[in-house]
Amino acid sequence: IGGIQTLVQYEMSKESLLRAQLEAVSFDMDRRRRVKVHYIEADEEKLSEHFEPATFDMVLSNLSLHWVNDLPSTLKQIKSILKVRTNQPYKFF
């Protein structure tokens, strides 16, 4: 059928993760059952320490990568954890 089955929210800020968890409680039960959500508090520059290669179909970033100290390395890590290799494997918002 398609759609998101598993969502991983990877964030340095404990407060942002807590806010996301509280927001998720407001979703209807059917929506919460369909999508399994994992919340991980960690540094965006250490993706390869937390995820195996070819783990994700998609990586989205919403106002976080501009804080990264080593952007080229982080982008390489993002590319390595993606299943499909394309010219534009990630989206920034």
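Per chain, residues are indexed from 1 in the order of the written sequence. With pLDDT at 70 or above as the cut-off, local features in this predicted model cover only qualifying residues; side-chain atom pairs require 80 or more to be listed or tallied, and sums for whole chains, interfaces and linings still use all residues. Remark: hydrogens and water are excluded; side-chain values derive from all non-hydrogen atoms of the structure.

1. Quick notes on the overall build of the protein chain
Part 1 of the reasoning: A run of H or I in DSSP becomes a helix once it reaches four residues, and a run of E becomes a strand once it reaches two; helices and strands are each numbered from the N terminus. Across its full length, the protein chain holds four helices and four strands.
Part 2 of the reasoning: Reading the protein chain from its N terminus to its C terminus gives the helix and strand order β-α-α-β-α-β-α-β.
Part 3 of the reasoning: Here, two residues are considered to be in contact whenever any of their heavy atoms come within 4.5 Å of each other. Considering only residue pairs separated by 6 or more positions, the protein chain has 71% of its internal contacts joining residues 24 or more positions apart.
Part 4 of the reasoning: Calculation of accessible area relied on Shrake-Rupley with a 1.4 Å probe; when residues are assessed, cover is drawn exclusively from the protein chains displayed. In the structure as shown, the protein chain presents an accessible area of about 7,300 Å², 54% of it carried by carbon and sulfur atoms.

2. Re the environment of Lys36
Part 1 of the reasoning: Checked against the element boundaries, Lys36 lands in strand β2 (residues 36-41).
Part 2 of the reasoning: The class for Lys36 is exposed, based on a relative accessible area of 54%.
Part 3 of the reasoning: Along the sequence, Lys36 and Leu7 sit 29 residues apart, while their C-alpha atoms lie 6.2 Å from each other. The buried label goes to any residue with under 20% of its type's maximum accessible area, the exposed label to any with over 50%, and the partly exposed label to all in between, with areas taken from a 1.4 Å probe on protein chains only.

3. Here we look at the confidence of the model for the protein chain
Part 1 of the reasoning: Taken residue by residue, the protein chain gives an average pLDDT of 84. The fraction at 70 or more is 88%.
Part 2 of the reasoning: Element-level pLDDT for the protein chain is lowest in strand β4 (residues 90-92), with a mean of 60, against a maximum mean of 93 in helix α3 (residues 47-50). Confidence of the prediction at every residue is given by pLDDT, a number between 0 and 100.

4. Points about a nonpolar patch on the surface
Part 1 of the reasoning: Distance thresholds for patches are 9 Å for like charges and 5 Å for nonpolar side chains (Val, Leu, Ile, Met, Phe, Trp, Tyr), applied to residues having over 30% relative accessible area and no salt bridge. Any Lys or Arg side-chain nitrogen found within 4 Å of a carboxyl oxygen on Asp or Glu counts as a salt bridge. A grouping of Ile4, Leu7 and Val37 is seen on the molecular surface, where their side chains present a nonpolar patch of about 240 Å² in accessible area.
Part 2 of the reasoning: Its location among the elements puts Val37 in strand β2.
Part 3 of the reasoning: Residue classification places Val37 among the partly exposed residues on the basis of a relative accessible area of 32%.

5. Looking at unusual backbone geometry
Part 1 of the reasoning: One non-glycine residue, Ala54, lies in the positive phi region at around 55°.
Part 2 of the reasoning: Relative to the elements of secondary structure, Ala54 occurs in the loop between α3 and β3 (59-61).
Part 3 of the reasoning: Here Ala54 falls in the partly exposed class, since its relative accessible area comes to 39%.

6. A word on helix α4 (residues 71-81)
Within an α-helix, residues lying three or four positions from one another point in the same direction, as the helix has 3.6 residues per turn.
Part 1 of the reasoning: Within the span of α4, buried status applies to Thr74, Gln77, Ile78 and Ile81. One face of α4 carries all of its buried residues, which in axial projection span an arc of 100°. Of the exposed residues in α4, the ones pointing more than 90 degrees away from its buried face are Pro72 and Lys76. In this description, one arc is meant: the one made by directions from the helix axis to the C-beta atoms.

7. Comments concerning the packing of aromatic side chains
Part 1 of the reasoning: Aromatic rings from Phe, Tyr and Trp, with only the six-membered ring used for Trp, were paired whenever their centres fell within 6.5 Å, and each pair was classed as stacked if the ring planes differed by under 30 degrees, edge-to-face if by over 60, and tilted otherwise. Applying the stated rule across the entire model yields two aromatic pairs.
Part 2 of the reasoning: Look at Phe51 and Phe56: their rings are 4.9 Å apart centre to centre, the planes differ by 75°, and that puts the pair in the edge-to-face class.
Part 3 of the reasoning: An aromatic cluster of three or more residues is present, and its members are Tyr10, Phe51 and Phe56.

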